[in-house]
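Structural overview for review
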Amino acid sequence: MAGKEVREDNMDNKEKVASEEAADAKDRYLLAEPSLLLQLGSALLPSNYMNLSPRWQGWFVRGQSGILLMSCFYTLVSLGPPGLFFLTCIVQLASFYEVMQLGHSVTKVEGLKTWSWLLFCVANLHYLDPSVSSLLPISPPQKTALCYILYTSLMVWFVLSIRKTSQCLTRYCLLAWAHMAILFLTVQAYLMNLTLQHGMVWYIFSMSIITINDIAAYMFGFFFGSTPLIVLSPKKTVEGFLGGGIVTILLGPAYGYFLQQFPYLTCPTENLSITNCDPEESATFSGDIPAFVIHCFIISLFASTIGPVAGFFCSGFKRACNKKNFGSLIPGHGGVLDRCDCMFLMASFTYMYLENIVF
């Protein structure tokens, strides 16, 4: 009897080890563990030398990372339009990498990593910023034709890569995965770069105000949150959502008024260079209550109500894949997309608002 129990225990242990190995294999393609350099950098954070509970440790780590990110953002702002253009490209690139790492891990598809990145490159060639596209040795119609030929070739590659009918479901799943990533990331990044042409101030304000909303919602949720908001994001609370929304709506116009005090931010850009202009001659930035401040209020209203939906959308996607974060690059936040998910929605809204309401 005792020998039987021992054998059963051994079998349970083997099953446990097998399940753990399977879990490890599942995470093989993910940024599950920070790199050695990132671990070294995280070890230098001041909060590591404070005797804090895990809850407060996470709060301090998130805050320290947030301060570093904001410092980097405004450093790039100081570089002018090229800095913001570079930021858009880097965020899009890192986000696509995280999404496709997750896609390959979930679908278990092999042999299509190169295909995914080529699709990404073709999409970026098609949605290339006009100021950069003008540098190409081909005309816009020729560029469109080239993108069509390349995309068709990739579809042929995809079809020929299917060797067995049993591979169809997972491979078509990855196909849809890559296209959705491009729709959510590349197209929004393209619209954000188009917004930059109307002036750096619109880019800076829209990206900053959704960040303010996220910070305020986190703070209110951390200190006062008790009522769950949505099942897709268990840590989000009603108190955080409402508190963050109120702070965003109140600070938005004031922050917008502050930004318009810097004329070089309000002038349009051309070929990633700021043009000469007099903001006082523009109806948008002149008057006792400039129209720009009113526009900032409306954008803030969107950021506080609809903007967080992009975060809920991405949270649900991660839950469907049984993952907490897209990556681990940013301590306390997760991956790049975990930090910037709502910004992509703000990019498209800001562009549509400017094109249809402001200009």
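Each residue is numbered by its place in its chain's sequence as written, counting from 1. This being a predicted model, a pLDDT of at least 70 is required before a residue's local features are given, and a value of 80 or more before pairs of side-chain atoms are given or counted; all residues contribute to the totals for chains, interfaces and linings. For side-chain calculations, the full set of non-hydrogen atoms in the structure is used, while hydrogens and water are omitted.

Labels follow the DSSP assignment, with helices taken as runs of H or I lasting at least four residues and strands as runs of E lasting at least two, numbered in each case from the N terminus. Check the secondary structure of the protein and you find 14 helices and four strands. Every one of the 359 residues in the protein was classed for burial, and the buried ones make up 43%. Contacts in the protein between residues far apart in sequence, at least 24 positions, make up 73% of those at least 6 positions apart. Element-wise, carbon and sulfur atoms account for 68% of the exposed surface of the protein, whose accessible area totals about 19,300 Å². Only protein chains enter the accessibility calculation, which uses a 1.4 Å probe; a residue whose area is less than 20% of its type maximum is buried, one above 50% is exposed, and one in between is partly exposed. Any pair of residues with heavy atoms lying within 4.5 Å of one another is described as a contacting pair. Only the protein chains shown count as cover for residues, and all accessible areas are computed by the Shrake-Rupley method using a 1.4 Å probe.

Within 6.5 Å between ring centres, the rings of Phe, Tyr and Trp (the latter by its six-membered ring) count as paired, and their orientation is classed by plane angle as stacked under 30 degrees, edge-to-face over 60, tilted in between. This structure, assessed with the given rule, holds 30 aromatic pairs. With a centroid separation of 5.4 Å and an interplanar angle of 65°, the aromatic rings of Trp56 and Trp59 are classed as edge-to-face. Of this pair, Trp56 and Trp59 both sit in helix α3 (residues 54-77), separated by three residues, roughly a single helical turn. Among the aromatic residues, those joined into a cluster by ring pairs are Trp56, Trp59, Tyr218, Phe220, Phe222, Phe223 and Phe224. Distance and angle both matter: a charge sits over a ring if NZ of Lys or CZ of Arg is within 6 Å of the ring centre and within 35 degrees of the ring normal. It is Arg62 that lies over the ring of Tyr218; its NZ or CZ is 4.3 Å from the centre.

Two cysteines, two sulfur atoms, one covalent bond between them: this is a disulfide. The disulfide definition used here is simple: a pair of cysteine sulfur atoms within 2.5 Å. Scanning the entire structure with this criterion turns up one disulfide. The disulfide that involves Cys267 links it to Cys277, with 1.9 Å between the sulfurs. Between Cys267 and Cys277, the S-S torsion sits near -90°, and that sign places the bridge as left-handed. Here the residue Cys267 occupies a position in the loop between α11 (263-266) and β3 (269-270), and Cys277 occupies one in the loop between β4 (273-274) and α12 (291-305), the gap between them amounting to 10 residues.

Moving on, we come to the environment of Cys340. Checked against the element boundaries, Cys340 lands in helix α14 (residues 336-358). Sequence separation between Cys340 and Ile210 is 130 residues, and the spatial gap between their C-alpha atoms is 9.4 Å.

Patches were defined on residues exceeding 30% relative accessible area and lacking a salt bridge, with like-charge contacts within 9 Å and nonpolar side-chain contacts (Val, Leu, Ile, Met, Phe, Trp, Tyr) within 5 Å. Every case where a carboxyl oxygen of Asp or Glu lies within 4 Å of a side-chain nitrogen of Lys or Arg is listed as a salt bridge. On the surface, Trp56, Ile67, Met70, Tyr74, Ile215, Met219, Phe220, Phe223 and Phe224 cluster together to form a nonpolar patch covering roughly 830 Å² of accessible area. Of all the elements in the fold, those that place two or more residues in the nonpolar patch are α3 and α9 (200-224). If you tally residues by element for the nonpolar patch, the top one is α9, at five residues. In this fold, Tyr74 is placed in helix α3. On the basis of relative accessible area, Tyr74 is assigned to the partly exposed category, the value being 38%.

This next bit is on unusual backbone geometry. Although it is not a glycine, Lys108 adopts a positive phi angle of roughly 65°. Position of Lys108 relative to the elements: it lies in the loop between α4 (81-107) and α5 (113-126). Given a relative accessible area of 49%, Lys108 falls into the partly exposed group. Of note, Asn271 is a non-glycine position whose phi angle comes to about 55°, a positive value. Along the chain, Asn271 turns up in the loop between β3 and β4.

The next thing to look at is helix α13 (residues 309-320). A rise of 1.5 Å per residue sets the reference length of α13, with its 12 residues, at 16 Å; its end C-alpha atoms lie 16 Å apart and thus fit the reference within 8%. Taken residue by residue, α13 has Ala310, Gly311, Phe312, Cys314, Ser315, Gly316 and Lys318 as its buried positions. Buried residues along α13 sit in contact with α8 (168-196), β1 (228-230), β2 (233-237) and α14. Phi for Asn322, located one or two positions after α13, is positive at around 60°. Expected span, for any helix, means 1.5 Å times one less than how many residues it has.

Shape is all these values report; function is a separate question.
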